Amino acid sequence: MAKVTRDDVARLAGTSTAVVSYVINNGPRPVAASTRERVLAAIKELGYRPDRVAQAMASQRTDLIGLIVPDARQPFFAEMAHAVEQAAAERGKMVLVGNSDYRDEREVHYLRAFLGMRVSGLILISQGPSRSAAAEIDAWDARVVLLHERPDAIDDVAVVLDDIGGAEQLTRHLLVRHGLPYVACLGGLDSTPESGDPVTDHVTGWRRAMAAAGLSCEGRLFQAPYNRYDAYRIALDLLSGPSRPPALMCTTDDQAIGVLRAARELRIDVPGELAVAGFDDVKEAALTDPPLTTVGSDREAMARAAVDLAIGDPGEGPGQRLRQFPVELKIRRSCGCP
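This is a predicted model, so every value here is computed, not measured.

A.B. asks: So what about the nonpolar core? Which residues, and what values?
C.D. replies: A general trend in soluble globular proteins is that nonpolar side chains are found buried together. Judged by nonpolar contacts, the single largest core of 70 residues is most densely connected at Ile 123, Leu 147, Val 159, Val 259 and Leu 274. No fewer than three residues from each of domain 2 (62-161 + 299-326) and domain 3 (163-296) sit in this core.

Spelled out as structure tokens, the structure:
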């Protein structure tokens, strides 16, 4: 059977091939609803399948969006990637995901690969200054949307949270609402960037709340990787020592989940003997024992904004460089609230 072409669809729908193209590509020109229905009916009747490779060659762009994350195994990045995929699907795009594993060379590898594929947009969750990534972006003269983090080295449009404000609210809640003598913080590692990184901002918010309460941070900031497994091992040592803190604010929920596991093994009552809080409000946070107090955000709205900026949605405004989304305390039992 002969291959069905766009000309066949146009002939059956009683319109031009250009109009068929507008319907298939959802633009760039509007199509009347009745005409769109005729074209879609003709496509269905004939079983027409657009040649995406030919379209990409003609337009020098694909229907793909590249997304680079540090580690898709971590719940926050997995949920963010899913939200980006959903937002892209609503706009007729597909998502390619690459894991940088917190390594600059992997980040540059995926930047080069995705931009070489002529993706219609690229979204980057970057850990660290990554000057090599910035040079790669400049070399391609590409518009890249930074999501969740905004490294100083990359001056491009960004979609971020009020991370400092969220951590400050959370620490103040532990100090004021629960009358705790102080709150310790489980931060990142020495390799964590000094600015532009959410974990750094969470530590900054904690410091501000402690200072506002007239409390010292000296000796109360502990280092840990962002994942639950390493946080669990570090928490075993920290919580079994002679100077166990009365409360621990973790800079990620994954860390907090590891801390809860360590406390359970050490038979430390949470929240009776130790208040625990996290940041990110991953779905699992509501199912921990006890349920985890944390800081949440509208990830779906952030993903939609990032996708729209990446594909150049005119509704976002040409001069908008930074979109900051608000955060919300998610009060659960791990901090001592009923």
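A.B. asks: Explain the sheet that holds strand β11 (residues 322-325) to me, using residue names and the numbers behind them.
C.D. replies: Pairing is parallel in the open sheet, where 6 strands are placed in the order β2-β1-β3-β4-β5-β11. On the outer flanks of this sheet lie β2 (94-99) and β11, each paired with one strand and no other. Here the average twist between neighbouring strands, direction ignored, is 20°. Along the sheet face, helix α5 (residues 75-90) touches β1 (64-69), β2, β3 (121-124) and β4 (144-147) and points at about 170° away from the line of β1.

A.B. asks: Break down the packing of aromatic side chains for me, citing the residues and quoting the values.
C.D. replies: Counted under the stated rule, the structure contains 3 aromatic pairs. A ring pair is formed by Phe 76 and Phe 77, whose centres lie 5.6 Å apart and whose planes are at 75°; its orientation type is edge-to-face. For Phe 76, a relative accessible area of 6% puts it in the buried group. With a centroid separation of 5.6 Å and an interplanar angle of 40°, the aromatic rings of Tyr 110 and Phe 114 are classed as tilted. Separated by 4 residues within a single helix, Tyr 110 and Phe 114 lie in helix α6 (residues 104-116), roughly one turn from each other. Residue classification places Tyr 110 among the buried residues on the basis of a relative accessible area of 17%. Just above the ring of Tyr 182 sits the side chain of Arg 220; from NZ or CZ to the centre is 3.8 Å. In this structure, Arg 261 packs its charged tip against the face of Tyr 232, placed 5.8 Å from the ring centre.

A.B. asks: Outline the side chain of Thr 35, supporting the account with residue identities and numerical values.
C.D. replies: For Thr 35, the location among the structural elements is in helix α3 (residues 33-46). On the accessibility criterion, Thr 35 (15% relative accessible area) is buried. Not counting residues up to four positions away in its chain, the partners in contact with Thr 35 are Thr 15 and Val 19.

A.B. asks: So, the packing of helix α8 (residues 163-177) against helix α9 (residues 198-212): which residues are in play, and what are the values?
C.D. replies: Between α8 and α9, the least distance of the axes is 7 Å, while the angle of their chain directions is 40°. Of the possible angle classes, the one that applies to α8 and α9 is oblique. Two packed elements cross with a definite hand, and for α8 against α9 that hand is right-handed. Residues Asp 163, Ile 164, Ala 167, Glu 168, Thr 171, Arg 172 and Leu 175 of α8 touch α9, and the partners they reach there are Pro 198, Asp 201, His 202, Thr 204, Gly 205, Trp 206, Arg 208, Ala 209 and Met 210. Taken together, the residues of the contact of α8 with α9 break down into 7 nonpolar, 4 polar and 5 charged.

A.B. asks: Outline the state of the cysteines, listing residues and values.
C.D. replies: Tallied over the entire structure, the rule returns 0 disulfides. Take Cys 185: it sits in no disulfide, and the sulfur closest to it among the cysteines is that of Cys 250, at 7.9 Å. When its relative accessible area of 0% is taken as the criterion, Cys 250 is described as buried.

A.B. asks: Explain the sheet that holds strand β9 (residues 275-277) residue by residue, including any values.
C.D. replies: In spatial order, the strands read β7-β6-β8-β9; together these 4 strands make up an open sheet with parallel pairing. Two strands close off the open sheet at either side, each with one partner strand: β7 (221-223) and β9. Each adjacent strand pair in this sheet contributes to an overall mean axis angle of 20°, direction not counted. Direction of pairing for strand β6 (residues 184-187) relative to strand β8 (residues 247-250): parallel, over a ladder of 3 bridges. Each bridged residue has a counterpart across the sheet, and for Leu 186 the counterpart in β8 is Cys 250.

A.B. asks: If you had to explain the pattern of salt bridges to someone new, which residues and values would you point to?
C.D. replies: Scanning all chains against the criterion turns up 15 salt bridges. For Asp 8, the salt bridge goes to Arg 11, with nearest N and O atoms at 3.0 Å. In this pair, Asp 8 and Arg 11 are both assigned in helix α1 (residues 6-13), 3 residues apart and thus about one turn of the helix distant. Given the relative accessible area of 60%, Arg 11 is considered exposed. Asp 63 is paired through a salt bridge with Lys 93; the nearest N and O atoms lie 3.5 Å apart.

A.B. asks: Let's hear about the packing of α5 against helix α12 (residues 299-310): which residues, and what values?
C.D. replies: Two elements in contact, α5 and α12, have axes whose closest approach is 8 Å; the angle formed by their N-to-C orientations is 55°. One way to sum up the angle between α5 and α12 is to call them oblique. Crossing geometry of α5 relative to α12 is assigned as right-handed. Where α5 abuts α12, its residues Phe 76, Glu 79, Met 80, Ala 83, Val 84, Ala 87, Ala 88 and Glu 90 lie against Arg 299, Glu 300, Met 302, Ala 303, Arg 304 and Val 307. Considering only residue class, the contact of α5 with α12 consists of 9 nonpolar, no polar and 5 charged.

Each value, and the rule that gives it
Residues numbered from 1 in each chain as written. Predicted model: local features only at pLDDT ≥ 70, side-chain atom pairs only at ≥ 80, totals over all residues. Heavy atoms only, no water. Core = buried A, V, L, I, M, F, W, Y, C linked by side-chain atoms within 4.5 Å. Buried < 20%, exposed > 50% of the residue type's maximum accessible area, 1.4 Å probe, protein only. Domains from an automatic or database assignment. Pairing = 2+ DSSP bridges. Helix = DSSP H or I, 4+ residues; strand = E, 2+ residues; numbered from the N terminus. Axes fitted to C-alpha atoms, helices over the stretch in contact; angles between N-to-C directions. Contact = heavy atoms within 4.5 Å. Phe/Tyr/Trp six-rings, centres within 6.5 Å; stacked < 30°, edge-to-face > 60°. Lys NZ or Arg CZ within 6 Å of the ring centre and 35° of its normal. Parallel < 35°, antiparallel > 145°, perpendicular 65-115°, else oblique. Left-handed = near helix turned anticlockwise from the far one by under 90°. Nonpolar A, V, L, I, M, F, W, Y, C, P; charged D, E, K, R; others polar. Disulfide = S-S within 2.5 Å. Salt bridge = Lys/Arg side-chain N within 4 Å of Asp/Glu carboxyl O.

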